[in-house]
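If you want the building blocks of each chain, they are given just below.
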Amino acid sequence: MWRRGRYRRERILLPGEHEGRRGFLKWGLAGTALLAVGGGTWLATRRTRPLPALGGPFQVLSPLEATVLLTLAERLVPPREGFPRPMDVDLPRRADAVVALAPEATQNELRQLVRLFDNALTGFLLDGQFHTFTDSTLEQQDARIAAWQTSRYALRRTGYKALKKIVYAAYYGSPKVWPAVGYPGPPPLDASERPQEPAPKRAEARHAEPKRGEGAPEGAAPQRPRPRPAAPAPRELEEIPAPRSGMDLPQGGKP
Amino acid sequence: MSESAPGRIVDAAELRRDAEETPDVCVVGSGAGGAVVAARLAARGLRVVVLEEGGYYPPEKVKMDEAWAFPALYQEHGQRATADLSITVLQGRAVGGSTLVNWTTSFRTPPRVLRHWAEVYGVSGLDEKALEPHFQAVEERLHIGPWPLEVVNANNRVLWEGAGRLSWDREVIHRNVFGCQNLGYCGTACPVGAKQSMDQTYVQDAVRDGARVYAHARAVRLEKSGKRIAAVQAQALDSSGKPTGRKVTVRSRLVVLSGGAINSPQLLLRSGYDPSGRVGRRTFLHPVVASAAIFPDKVEAFYGAPQSVASHHFADRGRGKVGFFLEAAPAQPLLIATSLGGFGALHEEQMSRLAYANGLIALSIDGFLPEEEGGTVSIRSDGRVRLDYPIRPEIWEALREGNKALARVQLAAGASVVYSFHENPVVMRTESDVALLDRAPWEPLRVGVFSAHAMGGCAMGRDPEKSVVDSRLKLHWLDNVWVVDGSVFPTSLGVNPQETIFGIAHWAADHIASAGG
């Protein structure tokens, strides 16, 4: 048996991995090759542990792939007071809906990536773990994520980034998470603030009534409508000098 | 299309049969370049058809919701990035292009950039004086003017106050808004129609002057005939962006490509037109590094005009160095969660303080070093577009120094703690901690790098062997095709690009009309 560190340093050359700049596309090849190598081995037959409740139905993800993403989400967003659990926001279905918008080739790459991430043989070869990701302890799961996150192979970091982005977009895109992060959500819109007509055209625009705020006085030169302050009201203003003008660096060339 | 037919916006998703058009001009893309050209040519009486792959979203149809907006309004449903995912690329995909979703920042082209293009790339006739009337015209049409300092939101105020305390140059940004309510939802498209984006301005002008705009129509192929493009073939897409099987074919005397710096090169490459091997080369991104600071008081960086203060103090750092400029970024939850480094408890802890967080960005000014080649747009064997951008050591240096500058600004403005966007975030509480950034890893996928300014790929220049379009933006090797968008820049700009594209498009329309009209 090779020692793990040595193994990692000297023996593992996934297709493409020695060339960090190869694209995400190569994940497909790397994944396929690795899965093929592992096809008949005991490790590769270790099962993804499916979770009983996943939501769905899914457009793209298989239940096992959804299980891997949900398990990953459980660690990317560990339990914390006030934060809903990933299943509370229907995370697998939200992630699936985003993946479903991608071209088929991208969908296939992502599905392969998800399976590769879970795969016991990959875990063994790269991280010395004998279990699938979904069948590992929480500590092992965190270690697996960190191994991909900090890998010296750019390709693995790419895989980590792809998975992380899908999970966080699905989770933090849900309004159920907003209270946990102190985001009150969009302000209510007064229907009267919405212009009934398309924006005025050319010359007329200069004489259009501002929708809100101080309008131009009768007969005076048209004035830009004054916007209201953003919420919250700005703190006490410091003494504000006029913006510098006449900088010789790129600054827009405003006269 | 008869000459008296009123213009309109047609949703190609609803086409029941293939459509064919024979206008004077076909414009591919309705963003900052295409909309302005379409409006100006239509105003001269030319019959114009615009092909736009995205949908049409008037104010009453948009939602102030990131989870809706990124898939609906952004390129690749919000997933556009370099092939290795090391640089996230935000670009709009809708009638109005990126102007529908950008943060309204409007700068004229810095004169030194125009001089650089003339000296190094042989661009002729495109100088400050030539552009002046065109900038004036678009500034008037789009209500471009300075944002009042008293309504700058707390997030941008951090940059204003921090830069002020450090005695660095700072300025209030000019914005293309009219009746802005200071809501803060520019990035999910303005819900009150205050943003003077192309869909609300020049596209409407073009339509009033008879232009027909096909939304959900993706140009996929240019058909060549001798030294001309005889037809543009487009696929009709459904509202999720999948082809419906219907086609739109446009046969026109003149063709204008305005798909932006990724999609214009993509269309030319797909169509097999790249005689000098320069299409899709020299792609520049203003690669961005971000910094998050936590303040004792609420910042609520998700509200208020997202970008209203800038500092160009470090734009020119001397020979051999890449300059950078500083701006703010809004902090709505999805954008921040997918951008922050790290995972698990640390990521969650940072997210839990979102309301107290300030987000600033440093944008590196790429493309000015003699040895810089930028990125490359290419087509994958399975047909998808691919963007590569190897970050040079000089760019990494600028990102590192930019990050340090941001941390200094935030600490000077009173931040309790500053986090870098490294996967293992650098935590800074005092000025002396800023040096920790020198020891952080500056490598792909170890720190978040972003771009919202794709430029180049169809560079203008005198030499047909080294550029794609001439100084009038006409393709060197074809007689009736112009490229009018950010792809024609030979370098990046050092300022947010939309107004440069407006101005150049306004200027180029005269040349196109006189050459082809």
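Quick caveat: nothing in here was measured; it's all calculated off a predicted structure. (Residues numbered from 1 in each chain as written. Chains lettered and ligands numbered in written order. Predicted model: local features only at pLDDT ≥ 70, side-chain atom pairs only at ≥ 80, totals over all residues.)

Asker: What's the story with the overall build of chain A in this structure? I'm lost.
Answerer: A tally of helices and strands in chain A yields 10 helices and zero strands. Secondary structure elements in chain A, listed N-terminal to C-terminal, are α-α-α-α-α-α-α-α-α-α. In chain A, buried positions account for 35% of the 255 residues. (Helix = DSSP H or I, 4+ residues; strand = E, 2+ residues; numbered from the N terminus. Buried ≥ 20, exposed ≤ 12 C-beta atoms within 10 Å, placed from the backbone.)

Asker: Would you take a moment to explain the overall build of chain B for this structure?
Answerer: Of regular secondary structure, chain B possesses 12 helices and 26 strands. For a compact globule of 517 residues, the expected C-alpha radius of gyration is about 24 Å, and chain B comes in at 22 Å, within 12% of that figure. Along the longest, intermediate and shortest principal axes, the C-alpha atoms of chain B span 65 × 45 × 45 Å. Counting all 517 residues of chain B, 67% fall into the buried class. The contacts of chain B with a sequence gap of at least 6 include a subset with a gap of at least 24, amounting to 76%. (Rg over C-alpha atoms; globule rule 2.2 N^0.38 Å. Contact = placed C-beta atoms within 7 Å.)

Asker: How should I be thinking about helix H3 (residues 111–121) of chain B in this particular structure?
Answerer: Because the α-helix completes a turn every 3.6 residues, residues three or four places apart line up on one side. Residue and element names in this part refer to chain B. Among all positions of H3, only Val113, Leu114 and Trp117 are buried. When H3 is viewed along its axis, its buried side chains cluster within an angular range of 105° and face the same direction. The inward-facing, buried residues of H3 abut helix H4 (128–141). Two residues or fewer after H3 comes Gly122, characterised by a positive phi angle close to 70°. (Arc of directions from axis to C-beta.)

Asker: Even after reading the chapter, I still don't get the confidence of the model for chain B, so can you show me in this structure?
Answerer: For any part of a model where pLDDT is low, the fine detail of the predicted coordinates should not be relied upon. When pLDDT is averaged along chain B, the result is 97; 99% of the residues meet or exceed 70. Quick note on the complex model: pTM equals 0.88, ipTM equals 0.96. (pLDDT = per-residue confidence, 0-100.)

Asker: In this structure, what is going on with the packing of helix H5 (residues 104–118) of chain A against helix H8 (residues 154–172) of chain A? I would like to understand it.
Answerer: The axes of two packed helices give the description: the angle between them and the distance between them. Residue and element names in this part refer to chain A. Relative orientation of the contacting elements H5 and H8 amounts to 105°, with a least axis distance of 11 Å. When the axes of H5 and H8 are compared, the pair comes out roughly perpendicular. Taking contact as the criterion, the partners of Leu110, Leu113 and Phe117 in H5 are, on H8, Gly159, Ala162 and Leu163. Residues of the contact of H5 with H8, tallied by class, amount to five nonpolar, one polar and no charged. (Axes fitted to C-alpha atoms, helices over the stretch in contact; angles between N-to-C directions. Parallel < 35°, antiparallel > 145°, perpendicular 65-115°, else oblique. Nonpolar A, V, L, I, M, F, W, Y, C, P; charged D, E, K, R; others polar.)

Asker: Explanation requested: the pairing of strand S16 (residues 288–294) of chain B in the structure shown.
Answerer: The side chains of a regular strand alternate, first on one face of the sheet and then on the other. Residues and elements named next belong to chain B. Along S16, six of the seven residues are buried, which leaves the element largely enclosed by surrounding structure. For S16 and strand S19 (residues 357–364), the ladder comprises seven bridges, and the chain directions are antiparallel. Along S19, the bridge assignment pairs Ala290 with Ile361. Inspection of the sheet shows S16 paired to strand S22 (residues 417–420) by four bridges, in the antiparallel sense. Bridge pairing links Ser291 to Ser420 in S22. (Pairing = 2+ DSSP bridges.)

Asker: Honestly, unusual backbone geometry in this entry has me stumped. Any pointers?
Answerer: Residue and element names in this part refer to chain B. Unlike most non-glycine residues, His143 shows phi in positive territory, near 55°. Notably, His286 is not glycine yet its phi reads approximately 45°, a positive angle. Among the residues examined, His286 registers 25 C-beta atoms within 10 Å and is labelled buried.

Asker: In this structure, what is going on with the environment of Tyr185 of chain B? I would like to understand it.
Answerer: Tracing the sequence through the fold places Tyr185 of chain B in the loop between strand S9 (174–176) and helix H6 (202–208). Judged by local crowding, Tyr185 of chain B falls into the buried class, with 26 C-beta atoms found within 10 Å. For Tyr185 of chain B and Lys63 of chain B, which are 122 residues apart along the polypeptide, the C-alpha to C-alpha distance reads 9.1 Å. Residue contacts for Tyr185 of chain B: discarding those within four places in its chain leaves Pro186 of chain A together with Met64, Cys190 and Pro191 of chain B.

Asker: What's the story with the sheet that holds strand S3 (residues 25–28) of chain B in this structure? I'm lost.
Answerer: Neighbouring strands of a sheet are bound in pairs by backbone hydrogen bonds; such pairs are parallel or else antiparallel. Residue and element names in this part refer to chain B. One open sheet holds the six strands; their spatial order is S1-S10-S4-S3-S14-S26, and the pairing between them is parallel. Edge positions in the sheet fall to strand S1 (8–11) and strand S26 (481–483), since each of these pairs with one other strand and no more. Mean inter-strand twist for the sheet, computed between neighbouring axes without regard to direction, equals 20°. Two strands pair when backbone bridges link them, and strand S14 (residues 254–257) and S26 are joined in this way by three bridges, in the parallel orientation.

Asker: Can you help me understand the environment of Ile144 of chain B in this one?
Answerer: Residue and element names in this part refer to chain B. Structurally, Ile144 can be placed in strand S7 (residues 144–146). Between the C-alpha atom of Ile144 and that of Ile173, which follows or precedes it by 29 residues, the distance is 9.8 Å. When sequence neighbours within four positions are dropped, the list of residues in contact with Ile144 reads Ser106, Glu139, His174, Arg175, Asn176 and Glu499.

Asker: How should the sheet that holds S9 of chain B be read in this particular structure?
Answerer: Residue and element names in this part refer to chain B. As summarised here, the arrangement of the three strands in space is S6-S9-S7, forming an open sheet in which the pairing is antiparallel. The open sheet is flanked by strand S6 (105–106) and S7, the only strands paired with a single partner. Bridging between S6 and S9 involves two bridges; their strand directions are antiparallel. Within S9, the residue paired with Thr105 across the bridge is Arg175.

Asker: How should the environment of Leu41 of chain B be read in this particular structure?
Answerer: Residues and elements named next belong to chain B. Position of Leu41 among the secondary structure elements: in helix H1 (residues 34–43). For the pair formed by Leu41 and Ala211, sequence separation is 170 residues and the distance between their alpha carbons is 9.2 Å. In this structure, Leu41 is in contact with Val25, Leu46, Val48, Ala509, Ile512 and Ala513, ignoring residues within four places of it in sequence.

Asker: Would you mind going over the confidence of the model for chain A with me for this structure?
Answerer: Residues and elements named next belong to chain A. On average, chain A scores 69 in pLDDT, and the residues at 70 or more come to 51%. By mean pLDDT, the top-scoring element of chain A is helix H9 (residues 178–181) (98), and the lowest-scoring one is helix H1 (residues 4–11) (34). Between residues 1–42, whose pLDDT stays under 50, and residues either more than four places distant or in other chains, the model counts 65 contacts. Segment residues 231–255: pLDDT under 50, and 43 contacts once partners within four positions in sequence are set aside and those in other chains are kept.

Asker: Help me understand helix H5 (residues 154–165) of chain B in this model?
Answerer: Residue and element names in this part refer to chain B. Here H5 spans 16 Å end to end across 12 residues, near enough to the 16 Å set by a 1.5 Å rise per residue. Within H5, 10 of the 12 residues are buried, which leaves the element mostly enclosed by the surrounding structure. Looking only at H5, the buried set comprises Ala154, Asn155, Asn156, Arg157, Val158, Leu159, Trp160, Glu161, Gly162 and Ala163. If you follow the buried residues of H5, they end up packed against strand S17 (309–310), strand S18 (324–328), S19 and helix H10 (393–412). One or two positions beyond H5, positive phi appears at Ser167, with a value near 60°. (Expected span 1.5 Å × (residues − 1).)

Asker: I would appreciate a short explanation of the pairing of S22 of chain B in the present structure.
Answerer: All names here are of chain B. As judged from the two bridges shared by S22 and strand S23 (residues 427–428), these two strands associate in the antiparallel manner. Bridge pairing in S23 places Tyr419 opposite Val427. Between S22 and S23, which pair antiparallel in sequence order, lie six residues.

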